[in-house]
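Commentary on secondary and tertiary structure
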Amino acid sequence: MKTVAVIGAGTMGNGITHVFAQMGCKVHMVDISREALDKAVAKIASNMDRQIAKNLLTEEVKQNAVNNIKTYTDMAEAVADADLVVEAASENIDLKIKIFQELDRLCPPKTILASNTSSISITRIGSYTKRPKQVIGMHFMNPVPVMRLVEIINGYATDAEVTQTVYDLTKALGKVPCVVNDYPGFISNRILMPLINEAILALQEGVAGVEEIDTIMKLGMAHPMGPLQLADFIGLDTCFSIMNVLHMGFGNQKYAPATLLCNMVQAGYLGAKSGEGFYKYTPGSKELVVSERFASKQWKM
């Protein structure tokens, strides 16, 4: 893979760009916003500086990696010679279908089309292209430069040779590839999101408070982060979207998103990115402060 195009300059897009550029690939990062692209490159450089401070990277490797990155607002130009495209846009099925139809039209016949989706069907995405055998899921974990797992998702039509290519490439990135089949939520979110949803239901029903729920899961189950804090980190809107995918995909009421989750998303309390979810987030502060809405241990919906 000499040239990789990454669609989207957000948190996941810049992380994916980071690891491919660091490996030595030429990376074309695409976004509709020039400002978003500039911020993404600055973020990548800043994250590499942290790696240098921890002796995980040299200045020379950083400079080579940054030089490997080119930014584009024109998708056609960015993907013209791409061996692989990794889509890292918002978790919205209509948007992803539109992007993949465009990629199918613009990319060379050889190009593998991958989605960083965390829950949306690879089979469905691939069905909107003329190359479903070359459509696959590459679900990176956040933060991408740190987390080692990549969940590789085979669509119904994905060719075994494509899977092997992406598997080998993932290992070359220094990641651990795990291949799964295309069912709602795959493995990671089929298990994680119902756990988060159940924690929200326990809070909603007044079984325990935010701190108690997170502390029990951290100390009792050895989770590095409690499920409510993790939901804030992921984004409550993303959690809500994935639960809806599970609910619709399986047709089972046990996957219905908690009413409290629905209400918080509708009210704009999305977690860390909005400044408040189950916890409050102040720029520059690492202190974990429970939202005043949930401060009382007797809080009920």
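Note that the structure is predicted; figures quoted are calculated from it, not measured.

This part covers the UniProt feature "binding site: NAD(+)" (unreviewed entry) in the protein chain. The UniProt record annotates "binding site: NAD(+)" (unreviewed entry) at Gly8, Ala9, Gly10, Thr11, Met12, Gly13, Asp31, Glu91, Lys96, Ser118, Asn142 and Lys273. Inspection of the secondary structure assignment puts glycine 10 in the loop between strand 1 (3–7) and helix 1 (11–23). Its relative accessible area of 37% is what places glycine 10 among the partly exposed residues. Once residues lying within four places of it in the same chain are set aside, the contact partners of serine 118 are Glu91, His139, Gly185, Phe186, Asn189 and Ile242.

This part takes up the UniProt feature "domain: 3-hydroxyacyl-CoA dehydrogenase C-terminal" (unreviewed entry) in the protein chain. On the UniProt side, "domain: 3-hydroxyacyl-CoA dehydrogenase C-terminal" (unreviewed entry) is annotated at positions that read residues 185–281 here. Measuring from the first to the last C-alpha atom of residues 185–281 gives 28 Å, for a span that is 63% helix and 2% strand.

Here we take up the side chain of lysine 96. Tracing the chain through its elements places lysine 96 in helix 5 (residues 93–106). At 3.4 Å, the side chain of lysine 96 and the backbone oxygen of serine 90 are in polar contact.

The next point concerns the sheet that holds strand 2 (residues 26–30). Taken in spatial order, the eight strands line up as 3-2-1-4-5-6-7-8 in an open sheet, and their pairing is mixed. Two strands bound the open sheet, and with one partner strand each, they are strand 3 (69–72) and strand 8 (176–181). Strand-to-strand twist across the sheet, computed as the mean angle between neighbouring axes with direction ignored, equals 25 degrees. In terms of strand pairing, strand 1 meets strand 2 through five bridges, oriented parallel. Across the sheet, valine 6 pairs through a bridge with methionine 29, a residue of strand 2. Where helix 2 (residues 34–53) meets the sheet, it contacts strand 2 and strand 3, and its direction lies at approximately 165 degrees from that of strand 3. On the sheet, helix 5 packs against strand 1, strand 4 (84–87), strand 5 (112–115) and strand 6 (135–140) and is oriented at approximately 165 degrees with respect to strand 5.

Here we take up the packing of helix 1 against helix 2. Interhelical geometry of helix 1 versus helix 2 gives an angle of 60 degrees and a closest axis separation of 10 Å. If you check the angle between helix 1 and helix 2, you find them oblique. Between helix 1 and helix 2 lies a crossing of right-handed hand. Counting all contacts with helix 1, which are made through Asn14, Thr17, His18 and Gln22, the residues of helix 2 involved are Ala40, Lys43, Ile44, Asn47, Met48 and Gln51.

The next subject is the nonpolar core. If you look at the biggest cluster of nonpolar residues, it comprises 33 residues, and the most contacted ones within it are Ile16, Phe20, Leu84, Val86, Met138 and Phe140. Looking at this core, the element that brings in the most residues is helix 1, giving five residues. Residues in contact with leucine 84, not counting those within four places in the same chain, are Met1, Thr3, Val4, Ala5, Phe20, Thr111, Ile112, Ala114, Met138 and Leu169. Met193, Ala231, Leu236 and Ile242 belong to the second largest nonpolar core, which has 26 residues in total.

Between its first and last C-alpha atoms helix 7 (residues 160–172) spans 18 Å; for 13 residues at 1.5 Å apiece the expected length is 18 Å, and the two agree. What helix 7 keeps buried is the set Val162, Thr163, Val166, Leu169 and Thr170. The buried residues of helix 7 occupy an angular sector of 130 degrees when the element is viewed end-on, so they sit on one face. Projecting away from the buried face of helix 7 at angles above 90 degrees are the exposed residues Ala160, Glu161 and Ala172. Close packing links the buried residues of helix 7 with helix 1, strand 4, strand 5, strand 6, strand 7 (149–154) and strand 8. Taking the backbone nitrogen of glutamate 161 as reference, a side-chain oxygen 2.9 Å away marks aspartate 159 as the first, capping residue of helix 7. Taken from the residues just after helix 7, glycine 174 is the one with a positive phi, measuring 85 degrees.

The sheet contact formed by strand 7 and strand 8 spans six bridges and is parallel. Bridge pairing in strand 8 places isoleucine 152 opposite valine 179. The parallel pair strand 7 and strand 8 is bridged by helix 7, and the resulting crossover is right-handed.

What follows covers the pairing of strand 1. Residues in a regular strand point their side chains to alternate faces of the sheet. Of all five residues making up strand 1, five are buried, and the element is well covered by its neighbours. What joins strand 1 to strand 2 is helix 1, and the crossover it makes is right-handed. In this sheet, strand 4 lies alongside strand 1 in parallel orientation, the contact comprising four bridges. Bridged to alanine 5 within strand 4 is valine 85.

The rules behind these values
- Residues numbered from 1 in each chain as written.
- Predicted model: local features only at pLDDT ≥ 70, side-chain atom pairs only at ≥ 80, totals over all residues.
- Heavy atoms only, no water.
- UniProt positions renumbered as here; feature names shortened; annotations may be inferred.
- Helix = DSSP H or I, 4+ residues; strand = E, 2+ residues; numbered from the N terminus.
- Buried < 20%, exposed > 50% of the residue type's maximum accessible area, 1.4 Å probe, protein only.
- Contact = heavy atoms within 4.5 Å.
- Polar contact = N/O pair within 3.5 Å; in protein donor to acceptor, adjacent residues only side chain to side chain.
- Pairing = 2+ DSSP bridges.
- Axes fitted to C-alpha atoms, helices over the stretch in contact; angles between N-to-C directions.
- Parallel < 35°, antiparallel > 145°, perpendicular 65-115°, else oblique.
- Left-handed = near helix turned anticlockwise from the far one by under 90°.
- Core = buried A, V, L, I, M, F, W, Y, C linked by side-chain atoms within 4.5 Å.
- Expected span 1.5 Å × (residues − 1).
- Arc of directions from axis to C-beta.
- Right-handed = clockwise from strand over helix to strand, strands pointing away.

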